[in-house]
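Here is what each chain is made of, one letter per residue.
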Amino acid sequence: KPKMIYVKENGNGGYTKISNDKSDSNNTASKNSNKLVSIMNFLESKSYSEVRDEEEFEKLVVTLLKNNNHKVLRQKSKGRFRPDILVDDKYPIELKLVENNINPLQRLIGQISDYRTNHKEVGVFILVNQSSTLLQYVGDKIKELNKMSGVFAVSKISEIRRKR
């Protein structure tokens, strides 16, 4: 089961944990295949402390999945129906790296709807910089995505050290 942590600003420039919401992930797991849930939980359990940008995030996810005996296809061209990766010829997974820009998350619902026209199930993995001002927004977006049929979304908070 994905570990979703919801936080709020504490007024001192940091964040305070306000809840662990397991009810949504339990309901989501029952509506999706065990295979997709297993893939997403595997990804959520790994460390991403070395990630510095979107490309490194995608490469690391691909490597982790391949090392776990999954067939992984990276989508080279960005098109309307092209998720970031396709796992085992069946599971499109959209990857998002979030710092303080809300734009990638605002497009996410539309992207997922597009992918669902060609795939029964879709995974979403959002890696959030621990210093992001959007932590609560990401938590709300995960809940929203997990209410969609055929979607299983997880997020992970990590330190992201941007390249200079």
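Overview of the structure. Quantities reported herein were computed from a predicted structural model and do not represent experimental measurements.

1. As for the nonpolar core
Line of reasoning, step 1. Core analysis: the biggest nonpolar cluster contains 25 residues, and Leu43, Tyr48, Phe57, Val61, Leu65 and Phe125 have the highest contact counts within it.
Line of reasoning, step 2. Elements with a minimum of two residues in this core: α2 (34-45), α3 (54-67), β4 (85-87), β5 (91-98), β6 (122-129) and β7 (151-158).
Line of reasoning, step 3. With six residues, α2 is the single largest residue contributor to this core.
Line of reasoning, step 4. Not counting chain neighbours up to four residues away, the residues in contact with Val61 comprise Leu43, Tyr48, Ile85, Leu95 and Phe125.
Line of reasoning, step 5. Formed by 17 residues, the second largest nonpolar core is a distinct cluster that contains Leu105, Val124, Ile126 and Leu134.

2. Observations concerning the sheet that holds strand β3 (residues 72-74)
Line of reasoning, step 1. Spatial ordering of the open sheet is given by β3-β4-β5-β6-β7, a layout of five strands whose pairing is mixed. Each of the sheet's edge strands pairs with one partner strand only, and the pair in question is β3 and β7. Sheet twist, expressed as the average angle between the axes of neighbouring strands with direction ignored, equals 20 degrees.
Line of reasoning, step 2. When β5 meets β6, the two strands line up parallel, connected through six bridges. Within the sheet, the bridge partner assigned to Glu94 lies in β6 and is Val124.
Line of reasoning, step 3. This element, α2, spans β4, β5, β6 and β7 of the sheet and lies at about 5 degrees to β7.

Reading the values: rules and limits
- Residues numbered from 1 in each chain as written.
- Predicted model: local features only at pLDDT ≥ 70, side-chain atom pairs only at ≥ 80, totals over all residues.
- Heavy atoms only, no water.
- Core = buried A, V, L, I, M, F, W, Y, C linked by side-chain atoms within 4.5 Å.
- Buried < 20%, exposed > 50% of the residue type's maximum accessible area, 1.4 Å probe, protein only.
- Helix = DSSP H or I, 4+ residues; strand = E, 2+ residues; numbered from the N terminus.
- Contact = heavy atoms within 4.5 Å.
- Pairing = 2+ DSSP bridges.
- Axes fitted to C-alpha atoms, helices over the stretch in contact; angles between N-to-C directions.

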